[in-house]
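Overview (structure and organization)
For reference, the chains in residue letters:
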Amino acid sequence: MTPCVLVFAGLDPGGGAGLAADILAIAAQGAHPLPVATAITAQDNNRVHAASPVDAEWVARQAAPLLAAFDIGAVKLGIPGNAANAAAIADIIRTLRARRPTLPVVLDPVLASGHGDALGQGDAIKALRELLALATIVLPNLPEREALGAHGGRQMLVTGGHAAGDTVVNRWLVDGVEARAWHWPRLPHGYHGSGCTLAAALAARLALGERMEAALDAAQAYTHHTLAQSYALAPGQRIPRRLLQLTTC
């Protein structure tokens, strides 16, 4: 059967990030997304103008029939919206782990938009702490890695897009030690939802049964292709072309 990925993230009505990005990226790997909305946002391809978390009870109610009906092969976590939602999601993960102790959980620790716009209520790092402890791997960019400090988790893929230079270096850390680094040519634009794309693709590859290093390889290659073939909807950040990549990776 097609493996399922349970996704917790915010709704981007512009279609570039959050659940919209996750659905396309997971489907492009050959897995099936099960999207649960944690927040409703007002945003375009450049800015988040407002964000409102979904009630924690509704986060749990959205997920309950999915847990009952489907065999979930991995979980992808985006913004929880607030601490109450993070606690509800943590309970769901613990329920799933009771059934499948090795269930992969991929966390994209989005602390703010690229412009620094808030994506939820309260202290974003505090809200994430319980989820960080449950995550199999965390995918921070360089500013997020610095902000997380000691809370980063046992495994991380630290993406290097915020560093200078013609090459982007993504570093896989296990217990704080670099296990491998990937070098990608820097592309010329800014991109909306690139982190969502990478985390969702990785969760899908793990749901398909790939080991971590192979899944990291495939997810990064896919994401780089989506950015290289991105398109413009309006001035500013471009949209990764997520659906045409499966045959090019």
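Since this is a predicted model, take the numbers as computed values, not measurements.

Quick look at the pairing of strand E4 (residues 72–77) now. Of all six residues in E4, six are buried; the element is thus mostly enclosed. Bridging between strand E1 (residues 4–11) and E4 involves five bridges; their strand directions are parallel. The residue bridging Val-7 from the neighbouring strand is Lys-76, located in E4. Two elements, E4 and strand E5 (residues 105–107), share three bridges in a ladder whose sense is parallel. Bridging from a neighbouring strand, Val-75 pairs with Val-105 of E5.

Right, let's talk about unusual backbone geometry for a bit. At Asp-175, a position not held by glycine, the phi torsion is positive, near 55 degrees. Summarising the element assignment, Asp-175 is placed in the loop between strand E8 (167–174) and strand E9 (177–185).

What follows covers the pattern of salt bridges. Under the defined criterion, the tally for this structure stands at nine salt bridges. For Arg-100, the salt bridge goes to Asp-71, with nearest N and O atoms at 2.7 Å. Taken together, the residues Arg-100 in the loop between helix H3 (83–99) and E5 and Asp-71 in the loop between helix H2 (56–69) and E4 connect sequence positions 29 residues apart. Ionic pairing is found between Glu-130 and Arg-94, a salt bridge with its closest N-O pair at 2.9 Å.

Counting 65 residues, the largest nonpolar core has Leu-6, Phe-8 and Leu-202 as its most contacted members. No other element matches helix H6 (residues 194–207), which puts nine residues into this core. Setting aside chain neighbours within four positions, we find Leu-6 in contact with Leu-34, Val-36, Leu-66, Leu-67, Ile-72, Ala-74, Val-75, Lys-76, Ile-92 and Leu-96.

Thresholds, definitions, all that
- Residues numbered from 1 in each chain as written.
- Predicted model: local features only at pLDDT ≥ 70, side-chain atom pairs only at ≥ 80, totals over all residues.
- Heavy atoms only, no water.
- Buried < 20%, exposed > 50% of the residue type's maximum accessible area, 1.4 Å probe, protein only.
- Helix = DSSP H or I, 4+ residues; strand = E, 2+ residues; numbered from the N terminus.
- Pairing = 2+ DSSP bridges.
- Salt bridge = Lys/Arg side-chain N within 4 Å of Asp/Glu carboxyl O.
- Core = buried A, V, L, I, M, F, W, Y, C linked by side-chain atoms within 4.5 Å.
- Contact = heavy atoms within 4.5 Å.

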